[in-house]
Each structure stands twice: as C-alpha cells, then as structure tokens.
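# Coordinate analysis (summary)
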Amino acid sequence: MDNLLGLLRIRVKRGVNLAVRDVRSSDPYVVVKMGRQKLKTRVIKKDVNPEWNEDLTLSITDPSVPIKLKVYDHDTFSKDDKMGDAEFDIRTYIEALKMNLGEIPSGTILSRLQPGRNNCLAEESTIYLNEGKVVQDLCFRLRNVERGEVEIQLQWIDLPGSKGL
C-alpha cells in the first residue's frame, strides 16, 4: 500500500470489426496487463463487434509502466487464437489528473492525444472533465492482425490511505 498511487478503472467498451478466427465469426475477450497484474473480460460468443461494457481495475504504483491490451478468440478444444494487441501509457492522463481543476465546467477538454507512429490510437483521444472526474476515451487500432479496433475509457479512483498523485 506504500507505493500505491490509486486505482485505474478501465471500461472496456466494445470491439469494432474484429478479425474472424472461427468459421464465420469469433468469440472474443480482452486481456489487460500491467506489470504483474492481469485482468480479462468475459467471452462474447460469435460476435466480431462485441459490446463488453465491462470495468477492469488496475492498482497503479508506477504510471510509467505501459498497459498492454490483447484480444483473443476463445476456443474450447484448442489454444485461444490471438486477435491483435495494443499498448498505451497513462502519463498524459496522470498529468491531466494533477491539474488544478477548481471551477472548470463538466465537458471541458483538458488534453488531446493524436494518433501516431508511437501509439496505437485509431483516432484522436480526448481527456476531459465529466461531473468532476477526469476521463479519457481511447480507440485503439489493433496491431499484429488484419483488422479490428477496441474502445476503452479510463477513470481514476482515489484510494483513502494510498500515496495519491
């Protein structure tokens, strides 16, 4: 608990146009890893445009450690097939959290990240204030696969007794 800064809630919203790994579809799920932490969503059967809307929560001790996101196709009788991956870091998000946001109205955009060679973004990512909370929406173009995107949302959770930002 000494090194814990707080919790990062990752809402895995949905997949878009994911790769087909079974006969005509896939049974996708998402695995999120940061350091030794590993979390996963439920499997959604026969859907290349799955809607998970599932919250995964990571304990953050070092915000410079990248977060890895991998999509798999669940198979019953063989090893699960890879359906692409993405990687992102939360340093820009953490910087926005540290801003003095006293009287800023809900909906105010605090920062924007552009897609580029050094990230997996499919489109511009915005960090904004939503009812007093700093939120970031991200849409990743999956790597190492023929197609597919995953949309997530980040939100910080302060923990009483943690070191904090």
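Before going into details, it helps to say that this report is about the structure given with it. (Residues numbered from 1 in each chain as written. Predicted model: local features only at pLDDT ≥ 70, side-chain atom pairs only at ≥ 80, totals over all residues. Heavy atoms only, no water.)

### Quick word on the pattern of salt bridges
Summed over the entire model, instances satisfying the criterion amount to 11 salt bridges. Residue E146 is joined to R21 by a salt bridge in which the shortest nitrogen-to-oxygen separation is 2.9 Å. You can see E146 sitting in the loop between β9 (133-141) and β10 (149-157) and its partner R21 sitting in the loop between β1 (6-16) and β2 (28-34), a full 125 residues away along the chain. With relative accessibility at 55%, the residue E146 sits in the exposed group. Among the charged side chains, a network of salt bridges with common partners joins R9, R11 and D55. (Salt bridge = Lys/Arg side-chain N within 4 Å of Asp/Glu carboxyl O. Helix = DSSP H or I, 4+ residues; strand = E, 2+ residues; numbered from the N terminus. Buried < 20%, exposed > 50% of the residue type's maximum accessible area, 1.4 Å probe, protein only.)

### Considerations on the sheet that holds β9
One open sheet holds the six strands; their spatial order is β4-β1-β10-β9-β8-β7, and the pairing between them is antiparallel. In the strand order of this sheet, the two ends are held by β4 (51-60) and β7 (109-113), each with one partner. Strand-to-strand twist of the sheet, defined as the mean angle between neighbouring strand axes without regard to direction, takes the value 20°. (Pairing = 2+ DSSP bridges. Axes fitted to C-alpha atoms, helices over the stretch in contact; angles between N-to-C directions.)

### What about a positive patch on the surface?
A cluster of basic residues, K33, K38, K40, K70, K79 and K82, forms a positive patch on the protein surface. Summarising the element assignment, K79 is placed in the loop between β5 (67-73) and β6 (81-88). Note on K79: relative accessible area 70%, which makes it exposed. (Patch = residues over 30% accessible without salt bridge, like charges linked within 9 Å, V, L, I, M, F, W, Y side chains within 5 Å. Areas by Shrake-Rupley, 256 points an atom, 1.4 Å probe, with all protein chains shown as cover. Lys, Arg positive; Asp, Glu negative; His and termini not counted. Charge placed at Lys NZ, Arg CZ, Asp CG, Glu CD.)

So far we have only geometry, and geometry alone does not tell us how the molecule works.
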